[in-house]
Amino acid sequence: MHGATEKVGVGFIGAGQISELHARAYRDNPTGRLVAVADIDPRVAEEKAKLYGAERWYTDYRELLEDESVDAVEVLVPHHLHLPVTLDSLRAGKHTSLQKPMALSADEADQMIAATSASGKLFRVFENFRSYEPFIVAKKMIDDGEIGEPLAIRVKVTGGRGVGGWIQPPPARAWRRDPETGGGPPAIFDHGYHITSIVPFLMGHVEKVHAMMNSDAAGTTGFSGSPAVVSWKHEGVDKYGSWEVVRAPELIVNTDYYGGDEWVEVTGERGVLMVTRCSANLYNEAPVMLARDGKVQRFTNMETDWGESFAAGGKEFTRAITEDFQPDLDGEEAKHCLLFALAAVKSGIEHREVALSELETS
Ligand SMILES: NC(=O)c1ccc[n+]([C@@H]2O[C@H](COP(=O)([O-])OP(=O)(O)OC[C@H]3O[C@@H](n4cnc5c(N)ncnc54)[C@H](O)[C@@H]3O)[C@@H](O)[C@H]2O)c1
């Protein structure tokens, strides 16, 4: 840490669309400040560094890793670069936060976990649904026994026609839809990683998965993975979950971000808990609802702006470095979420049930 303020100096590697939300974490962060930005596109590197208030910018990320004012790195690049950039960052002695999905395979995840141990630095995968307050509130309610023993979970993801929000730039869309750079059908692997993160967060680990996925999922055209229905069994218990993904092309979704939304329902022995919104606000309902004892309670006193989950997650990263704790998701938990997503893809392609353990390389 440098200077009188003793704040953690952070560098972004990759300054595309999502960096705009990560930058929010450094506007008023008591423990961290953004000092440098690297992007292979020189115009992007300079523009974003100026926009976010970073003093330096680079086009070769290795130069950012040599910058001594950078203590910690947020890796925000396309998926096929997650492994090399993360390994280089840890080996350069930088605390490292990596955007989801962790990696392209179990082997890549293992390499990251080994590099973390060797470096002695903090490593976490950043998945913003775990920093989204309605999910944090729901998790606490489940842990506090508000619905009794949780029995089942149901997730819905609906894409529509976004109004008022982002348009994904064509290059960002192109690398996601190329299996070499994206890693898998985006609805199940890229966006899907949010679901395979939030399900274990709320209900515990998953043992095996069955998926039905659009029939061109293994191809390179129409490579989206949507529509799909995924179901699973939780580890060691007779508890099941399901996740439906569908795109409704004429459905208007008012949004500040992407043109789709997610909602989740957990049924417990004596209550049903719903998180009614996430990336957008399709239902315009209370963000958390509890049906129990013959009535419905609505919980509204929480941050519901999806973009603020990035600010919260970024602040937690620099606070974790300052106070020396491990933030979500550590390498092993992130790997579990990855195996869940990979198992869903494999099941959808091979038309059979897939155990997460099958994805292990050793
Ligand atoms: N909800 C979410 O949490 C969320 C949303 C969007 C994206 N993401 C994740 O964020 C990451 C980036 O996604 P995006 O939408 O910003 O993509 P993007 O295509 O908009 O941005 C990627 C940036 O990386 C740069 N880049 C490519 N190769 C590089 C290299 N070798 N060195 C430095 N920079 C390089 C590109 O020039 C581009 O500016 C991905 O992991 C994606 O899954 C997460």
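Source: prediction; values computed, not measured.

A. Just the domain arrangement of the protein, in detail. Per the domain assignment, the segments of the protein are domain 1 (8–127 + 310–329) and domain 2 (130–305 + 340–357). Averaged C-alpha coordinates put domain 1 and domain 2 at centres separated by 25 Å. In this assembly, 21 residues from domain 1 lie in contact with 21 residues from domain 2. Taking both partners together, domain 1 and domain 2 bury about 1800 Å²; carbon and sulfur atoms supply 57% of that area. Among the residues domain 1 hides against domain 2, the three largest losses belong to Gln 17, His 79 and Glu 127. Together they make up 34% of the total. Between the two partners, domain 1 and domain 2, sit 3 salt bridges. Between Arg 130 and Asp 328 there is a salt bridge, and its shortest N-O distance comes to 3.1 Å.

B. Local environment of the site of the ligand. Around the ligand, a shell composed of 26 residues is seen, among which Asp 39, His 79, His 82, Lys 100 and Trp 175 lie nearest. Within the side chain of Asp 190, an N or O atom sits 3.4 Å from an oxygen atom of the ligand. Protein coverage of the free-state accessible area of the ligand, which is 840 Å², stands at 90%. Take the shell around the ligand: its biggest share by element is 3 residues, from helix 7 (residues 170–177). Of the residues assigned to the shell around the ligand, the class counts are 14 nonpolar, 8 polar and 4 charged. Counting only domains with at least three residues in the shell around the ligand, you end up with domain 1 (8–127 + 310–329) and domain 2 (130–305 + 340–357).

C. Up close: the pattern of salt bridges. Summed over the entire model, instances satisfying the criterion amount to 32 salt bridges. Measuring nitrogen to oxygen at the nearest pair gives 3.4 Å for the salt bridge that ties Asp 60 to Arg 62. Judged by relative accessible area, which is 27%, Asp 60 ranks as partly exposed. For Arg 62, a relative accessible area of 46% corresponds to the partly exposed category. A salt bridge links Glu 244 to Lys 156; its shortest N-O distance comes to 3.2 Å. Here Glu 244, found in strand 10 (residues 240–254), pairs with Lys 156, found in strand 7 (residues 150–163); they are 88 residues apart in sequence, far enough to count as distant. What makes Glu 244 partly exposed here is its relative accessible area of 34%. Judged by relative accessible area, Lys 156 falls into the partly exposed class, the value being 23%. Through salt bridges with shared partners, one network takes in Arg 33, Glu 55, Arg 56 and Asp 67.

D. Fine view of the side chain of Ser 19. By the secondary structure assignment, Ser 19 is in helix 1 (residues 19–23). Assessed through its relative accessible area of 0%, Ser 19 is described here as buried. Not counting residues within four places of it along the chain, the set of residues in contact with Ser 19 comprises Phe 12, Gly 14, Lys 48, Tyr 52 and Leu 76.

E. Quick peek at the side chain of Asp 261. Here Asp 261 lies in strand 11 (residues 260–268). Although buried, Asp 261 forms no salt bridge, and the nearest oppositely charged side chain, Arg 277, lies 5.8 Å from it. In this structure the side chain of Asp 261 is engaged in a polar contact, spanning 2.9 Å, whose partner is the backbone nitrogen of Cys 278. A polar contact of 3.3 Å, which involves the side chain of Asp 261, links it to the backbone nitrogen of Asn 281. For Asp 261, the contacting residues outside a window of four places in its chain are Lys 156, Val 157, Thr 158, Thr 276, Arg 277, Cys 278, Ser 279, Ala 280, Asn 281 and Leu 282.

Cut-offs used in this document
Residues numbered from 1 in each chain as written. Predicted model: local features only at pLDDT ≥ 70, side-chain atom pairs only at ≥ 80, totals over all residues. Heavy atoms only, no water. Domains from an automatic or database assignment. Contact = heavy atoms within 4.5 Å. Buried area = accessible area lost by both parts, 1.4 Å probe. Salt bridge = Lys/Arg side-chain N within 4 Å of Asp/Glu carboxyl O. Near = heavy atom within 4 Å. Polar contact = N/O pair within 3.5 Å; in protein donor to acceptor, adjacent residues only side chain to side chain. Areas by Shrake-Rupley, 256 points an atom, 1.4 Å probe, with all protein chains shown as cover. Helix = DSSP H or I, 4+ residues; strand = E, 2+ residues; numbered from the N terminus. Nonpolar A, V, L, I, M, F, W, Y, C, P; charged D, E, K, R; others polar. Buried < 20%, exposed > 50% of the residue type's maximum accessible area, 1.4 Å probe, protein only. Lys, Arg positive; Asp, Glu negative; His and termini not counted.

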